Amino acid sequence: MSHPQSYELLLTPDHSRTRAGAPGRPIRSAVVAATGETGASGYPRYAGQGMEADIDPETRTVEAVLIDGEELDPGMSVRVAEGNPPTP
C-alpha cells in the first residue's frame, strides 16, 4: 500500500472540555514528510519542522506525536489540516 508522502499538522489548544469539542485556533503548524519508517504505533512515521508523528493514512489520524522532541503537553492536540490533501 502506498502512503501519502506529506501532511500539514496543526498544533492546537484542546478546548474540548470547555467548548463542546471545538478545537482551538492553531498556534503552530508544520509540514511533515514520510520518513520510510514505521512508528511504535504501527503507522507510518512522518517528520519535519520540529514535529514527528505516526499517522494512520486511512483515517488521517495522528496516533503518536513529538513536538521538538517532547511529548505533547496536556491541553494540546495535533491534527492533520483539513482541506490539505497529502501528496501521494
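Structure report, in brief. (Residues numbered from 1 in each chain as written. Predicted model: local features only at pLDDT ≥ 70, side-chain atom pairs only at ≥ 80, totals over all residues. Heavy atoms only, no water.)

Section: the sheet that holds strand S7 (residues 76–80)
Spatially, seven strands are ordered S6-S5-S4-S3-S2-S1-S7 in an open sheet, and the strand pairing comes out antiparallel. Looking at strand neighbours, the two that pair on one side only are strand S6 (70–71) and S7, the edges of this open sheet. In terms of strand pairing, strand S2 (residues 28–38) meets strand S3 (residues 44–48) through three bridges, oriented antiparallel. Across the sheet, the residue bridging to Ala33 is Ala47, located in S3. (Pairing = 2+ DSSP bridges. Helix = DSSP H or I, 4+ residues; strand = E, 2+ residues; numbered from the N terminus.)

Regarding unusual backbone geometry
Look at Gln49: it is not a glycine, yet its phi comes out positive at around 50°. Structurally, Gln49 can be placed in the loop between S3 and strand S4 (51–56). Of the residues examined, Gln49 reaches a relative accessible area of 54% and is grouped as exposed. A positive phi is found at Asp68, a non-glycine position, where the angle reads about 50°. On the secondary structure map, Asp68 appears in the loop between strand S5 (61–67) and S6. (Buried < 20%, exposed > 50% of the residue type's maximum accessible area, 1.4 Å probe, protein only.)

Thoughts on the pattern of salt bridges
This structure, assessed with the given rule, holds three salt bridges. With a shortest N-O distance of 2.9 Å, Arg28 and Asp68 are connected by a salt bridge. With Arg28 in strand S2 and Asp68 in the loop between S5 and S6, this pair connects stretches of sequence that are 40 residues apart. Its salt-bridge partner being Arg45, residue Glu52 comes within 3.5 Å of it at the nearest N-O pair. (Salt bridge = Lys/Arg side-chain N within 4 Å of Asp/Glu carboxyl O.)

Some details on the pairing of strand S1 (residues 6–13)
The element S1 is extensively covered by neighbouring structure, given that seven of its eight residues are classed as buried. As judged from the five bridges shared by S1 and S7, these two strands associate in the antiparallel manner. Bridged to Thr12 within S7 is Ser77.

Comments concerning the environment of Asp14
You can see Asp14 is positioned in the loop between S1 and S2. Since its relative accessible area comes to 27%, Asp14 is described here as partly exposed. Considering only alpha carbons, one finds Asp14 and Gly24, ten residues apart in sequence, at a separation of 6.1 Å. In contact with Asp14, not counting residues within four places along its chain, are Gly75, Met76 and Ser77. (Contact = heavy atoms within 4.5 Å.)

No statement about biological role is implied by the geometric values presented.
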